[in-house]
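In case you want the letters, here they are:
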Amino acid sequence: MTRDRAIALGLIGFALAFNLFFLRWQVSVAAPDLNDNVLHLVAAQRAALALGQGQDIADHWLPGIAMGYPLLHHYQHLPLGFLALLYSALGQAVSTVSLLHWVSYLMLSLFPLSIFWAMRKLDFDRVPSALAGLAAPLVSTSYLYGLEYGSY
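Now for a quick tour of the structure.

## Quick notes on unusual backbone geometry
Of note in the backbone geometry, Gln 92 takes a positive phi value of approximately 60 degrees without being a glycine. For Gln 92, the location among the structural elements is in the loop between helix H4 (78–89) and helix H5 (96–109).

## Let's talk about helix H6 (residues 111–121)
The set of residues buried in H6 consists of Pro 112, Phe 116 and Met 119. Buried residues along H6 cover an arc of 65 degrees about the axis, so they all sit on one side. When the buried face of H6 is taken as reference, the exposed residues oriented beyond 90 degrees from it are Trp 117 and Lys 121. With its phi angle positive at about 70 degrees, Asp 123 sits one or two positions after the end of H6.

## Here we look at the environment of Leu 71
With respect to the element layout, Leu 71 can be found in the loop between helix H3 (37–52) and H4. If near-sequence neighbours (up to four positions away) are discounted, Leu 71 is found in contact with Leu 39, Ala 43 and Leu 62.

## With respect to the nonpolar core
Counting residues in hydrophobic clusters, the biggest one holds 17 residues, and the most contacted among them are Ala 43, Leu 71, Leu 80 and Leu 83. Core analysis: the second largest hydrophobic core is formed by five residues, Ala 8, Ile 12, Phe 116 and Ala 130 among them.

## Section: the side chain of Arg 46
Within the secondary structure, Arg 46 sits in helix H3. Overall, the relative accessible area of 16% leaves Arg 46 in the buried class. Among residues more than four places away in sequence, those in contact with Arg 46 are Gln 55, His 60, Trp 61, Leu 62 and Pro 63.

## Structural notes on H5
In a regular helix each residue adds 1.5 Å, so 14 residues correspond to 20 Å; H5 covers 20 Å between its end C-alpha atoms and thus fits that length. Listed as buried for H5 are Thr 96, Leu 99, Leu 100, His 101, Val 103, Ser 104, Tyr 105, Leu 108 and Ser 109.

## Focus: the packing of H6 against helix H7 (residues 126–135)
Between H6 and H7, the shortest axis-to-axis distance is 7 Å and the interhelical angle comes to 145 degrees. The two elements H6 and H7 cross, and the hand of that crossing is right-handed. On H7, the residues touching Pro 112, Ile 115, Phe 116, Met 119 and Arg 120 of H6 are Arg 126, Pro 128, Ser 129, Ala 130, Ala 132 and Gly 133. Of the residues belonging to the contact of H6 with H7, the class tally is seven nonpolar, two polar and two charged.

## With respect to the packing of aromatic side chains
Taken as a whole and assessed by the stated rule, the structure comprises four aromatic pairs. Between Phe 14 and Phe 18, the aromatic rings sit 6.0 Å apart at their centres with planes inclined by 40 degrees, giving tilted as the arrangement. Of this pair, Phe 14 and Phe 18 both sit in helix H1 (residues 3–22), four residues apart, which is roughly one turn of the helix. Residue Phe 14 is classed as exposed on the basis of its relative accessible area, which comes to 52%. The class of Phe 18 is partly exposed, set by a relative accessible area of 39%. Measuring from centroid to centroid gives 5.7 Å for Trp 102 and Tyr 105, while their planes differ by 85 degrees, and the two rings are edge-to-face. Note that Trp 102 and Tyr 105 are positioned in helix H5 at a spacing of three residues, about one turn of the helix. Owing to a relative accessible area of 8%, Tyr 105 belongs among the buried residues under this scheme. Positioned over the ring face of Phe 21 is Arg 24, at 4.0 Å from the centre of the ring.

Each value, and the rule that gives it
- Residues numbered from 1 in each chain as written.
- Predicted model: local features only at pLDDT ≥ 70, side-chain atom pairs only at ≥ 80, totals over all residues.
- Heavy atoms only, no water.
- Helix = DSSP H or I, 4+ residues; strand = E, 2+ residues; numbered from the N terminus.
- Buried < 20%, exposed > 50% of the residue type's maximum accessible area, 1.4 Å probe, protein only.
- Arc of directions from axis to C-beta.
- Contact = heavy atoms within 4.5 Å.
- Core = buried A, V, L, I, M, F, W, Y, C linked by side-chain atoms within 4.5 Å.
- Expected span 1.5 Å × (residues − 1).
- Axes fitted to C-alpha atoms, helices over the stretch in contact; angles between N-to-C directions.
- Left-handed = near helix turned anticlockwise from the far one by under 90°.
- Nonpolar A, V, L, I, M, F, W, Y, C, P; charged D, E, K, R; others polar.
- Phe/Tyr/Trp six-rings, centres within 6.5 Å; stacked < 30°, edge-to-face > 60°.
- Lys NZ or Arg CZ within 6 Å of the ring centre and 35° of its normal.

See below:
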């Protein structure tokens, strides 16, 4: 293993381990959902119901929002479809709430890896790519709910 590869592996490994440890509350503490998670949960539950009834998961009605709303005509449906498919694949043994929390936890924890991979695809060297992955979770805004962990 080359020196650059070992350094990059160490940096990304540290970033992933740090996130997996410090974000574990996402799945270990039962806390009320804030921000967009409430909407995502309702939409994921409805998508799972639509899938179970053989309906199109990209074109269903959300009756509990503003007297009914076709949310997925105006909002991305791939993440909700993924949750619905995962819910179905697990035989409905895990609640959609738990699935949403676990998927959010894993995506937030693996975020540095996606930045590293993207930088490598843009032909950056390993160490700068790993440093970008390490620093990416630190990007935040003042109460604007951007990429920081508080938004999730």
